[in-house]
Amino acid sequence: MGEGMSAAGEGVSAGDEVLDIVDENDRVVGQSPRGEAYARGLRHRCVFIQARDAAGRIFVHRRTPTKLVFPSLYDMFVGGVVGAGETYDTAALREAEEELGVTGLPLPRYLFKFLYDNGAGQTWWSAVYEVRCDLPVRPQAEEVAWHDFLPEDEVRRRLDDWEWVPDGLAAYERLRAFRSRG
């Protein structure tokens, strides 16, 4: 994901990207460079996009060891931080295309939003989306160490076997509950 949850593009200046800082009601209360927001535990915004192929399989990947947040962990979402002044919808499309290495994706469909807080200084508003990706994916090598589209039952089987990004796992559990409500 981009860097926040499993979040945005990690270039040399990733820590300099400016984010909106938000309160417990997701209202903007300030701005901060990403590196400072992470270091100080400032609440910001992230997008989580579940990408599925034409067969309904979920895009799963393992983050590279050089990622700022959650290095080398698995994730069943693509996504990242929402930039200052950017909407969740715009960030969802940008992050999905960046992380999957594609252009021309349909606009991801917004599902719901929740406040992620691990109780240890990592907290962000998390907007969850879904998108169908029929394009050949080319994830960035500096972001993604391994990837594949896996059937949902295999993802569920791997939940206890693989080490997953905690915010992605929280989003996945909420997404399963959301879908079970119909």
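Residues numbered from 1 in each chain as written. Predicted model: local features only at pLDDT ≥ 70, side-chain atom pairs only at ≥ 80, totals over all residues. Heavy atoms only, no water.

1. Observations regarding the nonpolar core
Point 1. Core analysis: the largest hydrophobic core is formed by 31 residues, its most contacted members being Val 60, Met 76, Phe 77, Val 128 and Val 155.
Point 2. Counting only elements with at least two residues in this core, the list comes to β1 (18–22), α1 (34–40), β3 (44–52), β4 (58–63), β7 (109–117), β8 (123–132) and α4 (166–180).
Point 3. Discounting chain neighbours no more than four positions away, the residues touching Val 128 are Phe 48, Phe 77, Arg 109, Tyr 110, Leu 111, Phe 112, Phe 114 and Ala 171.
Point 4. Counting residues in hydrophobic clusters, the runner-up holds 21 residues, among them Val 47, Ile 49, Trp 125 and Cys 133. (Core = buried A, V, L, I, M, F, W, Y, C linked by side-chain atoms within 4.5 Å. Buried < 20%, exposed > 50% of the residue type's maximum accessible area, 1.4 Å probe, protein only. Helix = DSSP H or I, 4+ residues; strand = E, 2+ residues; numbered from the N terminus. Contact = heavy atoms within 4.5 Å.)

2. Regarding the pattern of salt bridges
Point 1. All chains considered together, the criterion is met by 17 salt bridges.
Point 2. With a shortest N-O distance of 2.3 Å, Arg 179 and Glu 130 are connected by a salt bridge. In this pair, Arg 179 is assigned in helix α4 and Glu 130 in strand β8, connecting sequence segments 49 residues apart.
Point 3. Bridged by salt links that share partners, the residues Glu 86, Arg 94, Glu 95 and Glu 98 form one connected network. (Salt bridge = Lys/Arg side-chain N within 4 Å of Asp/Glu carboxyl O.)

3. Concerning the UniProt feature "domain: Nudix hydrolase" (unreviewed entry) in the protein chain
Point 1. As recorded in UniProt, the sites labelled "domain: Nudix hydrolase" (unreviewed entry) are residues 42–182.
Point 2. Counted over residues 42–182, helix gives 25% and strand 33%. Its end C-alpha atoms are 34 Å apart. (UniProt positions renumbered as here; feature names shortened; annotations may be inferred.)

4. Quick look at the pairing of β4
Point 1. When you tally the buried positions in β4, you get five out of six residues, the bulk of the element.
Point 2. With six bridges joining them, β4 and strand β9 (residues 144–150) adopt antiparallel strand pairing. Its bridge partner lying in β9, His 61 is registered against His 147.
Point 3. Relative to strand β5 (residues 74–75), β4 runs antiparallel, the two sharing two bridges. For Arg 62, the partnering residue across the bridge sits in β5 and is Tyr 74. (Pairing = 2+ DSSP bridges.)

5. Here we look at the packing of aromatic side chains
Point 1. On inspection of all chains with the given rule, the structure shows twelve aromatic pairs.
Point 2. Seen in terms of ring centroids, Phe 112 and Phe 114 are 6.4 Å apart; in terms of plane orientation they differ by 35°. Their pairing is tilted.
Point 3. Among the residues examined, Phe 114 registers a relative accessible area of 7% and is labelled buried.
Point 4. Positioned over the ring face of Trp 125 is Lys 113, at 5.3 Å from the centre of the ring. (Phe/Tyr/Trp six-rings, centres within 6.5 Å; stacked < 30°, edge-to-face > 60°. Lys NZ or Arg CZ within 6 Å of the ring centre and 35° of its normal.)

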